[in-house]
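So the chains spell out like this:
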Amino acid sequence: MPIVIAPNPAAAARSAADAAAKLRFIVNLTDPIFRGIYRGNRKHDDDLAEVMKRSEAAGVKSMIITGGSLHESSEALRLAKQLKVYATVGCHPTRSSDFEKFRAGPDAYLAALDQLIYQNLKGVGRVVAVGECGLDYDRTHFAPPETQQKYFRVQLSLAKKYRLPLFLHSRAAHDDFVKILKEEGFGDDGGRKVGANGGVVHSFTGSVSELEEVMAMGFHVSVNGCSMKTKENLDVVKAIHPDRLMLETDAPWCTLASTHASKAHLASLPPALNTLFFPPAKRPEQFVLGQAVKGRNEPCAIGGVAWVVHELHSVPFEKVAEKTWRTTVALFGLEELNEDTKAES
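Here is what the cut-offs are and how they apply
Residues numbered from 1 in each chain as written. Predicted model: local features only at pLDDT ≥ 70, side-chain atom pairs only at ≥ 80, totals over all residues. Heavy atoms only, no water. Core = buried A, V, L, I, M, F, W, Y, C linked by side-chain atoms within 4.5 Å. Buried < 20%, exposed > 50% of the residue type's maximum accessible area, 1.4 Å probe, protein only. Helix = DSSP H or I, 4+ residues; strand = E, 2+ residues; numbered from the N terminus. Contact = heavy atoms within 4.5 Å. Salt bridge = Lys/Arg side-chain N within 4 Å of Asp/Glu carboxyl O. Phe/Tyr/Trp six-rings, centres within 6.5 Å; stacked < 30°, edge-to-face > 60°. Disulfide = S-S within 2.5 Å. Expected span 1.5 Å × (residues − 1).

Q: What is the right way to look at the nonpolar core in this model?
A: Among soluble globular proteins, nonpolar side chains are generally buried collectively. Grouped together as the largest cluster of nonpolar side chains are 77 residues, with contacts concentrated most on L166 and L181. In terms of residue count, helix α12 (residues 302–313) provides more of this core than any other element does, seven residues in total. Ignoring sequence-local partners within four residues, the contact set of L166 consists of V130, C133, L156, A159, L181, F186, G198, G199, V200 and F219. Counting 13 residues, the second largest nonpolar core, distinct from the first, contains Y86, A129, L331 and L337.

Q: Would you mind going over the pattern of salt bridges with me for this structure?
A: Side chains bearing opposite charge may pair, as long as their charged atoms lie close to each other. The final tally for this structure, using the stated rule, is 23 salt bridges. One salt bridge connects E213 with K182, and the closest N-O pair in it is separated by 2.8 Å. In this pair, E213 sits in helix α8 (residues 208–216) while K182 sits in helix α7 (residues 174–183), placing the two residues 31 residues apart along the sequence. Given a relative accessible area of 26%, E213 falls into the partly exposed group. With a shortest N-O distance of 3.5 Å, D189 and R192 are connected by a salt bridge. Note on R192: relative accessible area 25%, which makes it partly exposed. The structure contains a network of salt bridges with shared partners spanning R153, K160, K179, E183 and E184.

Q: What is the right way to read the packing of aromatic side chains from this model?
A: Between two aromatic rings, the relevant description is the distance of the centres plus the angle of the planes. One pass over the structure, following the stated rule, counts six aromatic pairs. Residues F99 and Y109 carry aromatic rings whose centres are separated by 4.4 Å and whose planes lie at 50° to one another, so their mutual orientation is tilted. Of this pair, F99 sits in helix α4 (residues 98–101) while Y109 sits in helix α5 (residues 106–119), placing them ten residues apart in sequence. The pair F99 / Y109 is uniform in exposure class, with both members buried. Judged by centre distance (4.4 Å) and plane angle (10°), the ring pair of F99 and Y151 falls under stacked. With F99 in helix α4 and Y151 in helix α6 (residues 145–162), this residue pair connects regions lying 52 residues apart in the sequence. In textbook terms, an aromatic cluster arises when at least three aromatic residues are bridged by ring pairs, as seen for F99, F102, Y109 and Y151.

Q: Honestly, the state of the cysteines in this entry has me stumped. Any pointers?
A: Disulfide: a covalent bond connecting the sulfur atoms of a pair of cysteines. All told, the structure shown has one disulfide when counted by the stated rule. As a non-bridged cysteine, C91 has C133 as the owner of its nearest cysteine sulfur, 9.0 Å distant. C91 gets classed as buried once you look at its relative accessible area, which sits at 1%. There is no disulfide at C300, and the cysteine sulfur nearest it, in C254, is 15 Å away.

Q: Would you mind showing me how to read α6 here?
A: Because an α-helix packs 3.6 residues into every turn, residues spaced three or four apart end up facing the same way. Helix length check: α6, at 18 residues, gives a terminal C-alpha distance of 27 Å against a target of 26 Å (1.5 Å per residue), a fit within 8%. Within α6, burial applies to T147, Q148, Y151, F152, Q155, L156, L158, A159 and Y162. Looking at the buried positions of α6, the neighbouring elements they touch are α4, α5, β6 (127–136), β7 (166–171) and α7. Looking at the residues trailing α6, positive phi occurs at R163, about 50°.

Q: I tried to follow unusual backbone geometry on my own but got confused; where do I start?
A: For residues that are not glycine, phi is negative in most cases, and the peptide bond is trans in most cases. The step from G131 to E132 runs through a cis peptide bond, and the omega angle for that step is 20°. Tracing the backbone shows E132 in strand β6. Cis rather than trans, the peptide bond between A251 and P252 has omega equal to 15°. Its location among the elements puts P252 in the loop between β10 (245–247) and α10 (263–266). Here R163, not a glycine, exhibits a phi torsion of approximately 50°, which is positive. Take R163: it is sitting in the loop between α6 and β7. At A172, a residue that is not glycine, the phi angle is positive and equals roughly 55°. For A172, a relative accessible area of 55% puts it in the exposed group.

Here it is in structure tokens:
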């Protein structure tokens, strides 16, 4: 049975906002879609400030902005400092060829990532993870498997050097993904014996057996709309151990779509919460400043992800929020957020 957070919509909205304040999420705010640019073409005005307002209204307190290349990592850090949040530094597997295209060569590219981390380990907008890195065999037209494997491996050295968690990507490549991690010392306790500090396999879409293997290796698993498309996906989400579970949006991608298996579990979402997490939206061509854009996932949708998890695990929504908050704060070393939350209460 779904658990109703509060007996009336206004109270439900307040309770949801309080619970969502204990959620953290992963978001690609560097994507130009948040600036109104789609595949190089401007379709509407820059509305990043409005996106942030909607996330705040939904109770979101902080976020991690992911870096998918050297350039994007620099942009992620710039935005993280501006918004007073956090960032990752790394190279996505589909961008692995950037190492070899870099004018000064692959070693210089790695050194530049290293320098970005070194210069941003402390203070506002700091680096909290190495990544997004890993393997993606669904999109080898961007970078062949051999290239992906080579530069995934070298980025693992940065996690060891700076004792940072990994922000990991694995798509249709599980066997090679875990093989490389194990060969580099990450096969047990998230690599802590070799100086690393665990990590999270984000946007998880693997099987139950694959899930069990990465959890046994000491890694966390994060879910979003892409992790909830099918009944099989939902069975995997159910199997995630609460101590290993994290939540994300991966905005602007990975929406909780109406065609997905997750839809049935969102039917019990109270109307007040639905408006917070999934505000009314218009197509990009019909853009109205202050309204969401149809087809573009936003940070405020994190509450919807948490709601589906609450239903699948038969755990109160507030407990899902609280547990995943504590897990995320601990993994990424964000204890100051707990202090900020205490000061506001």
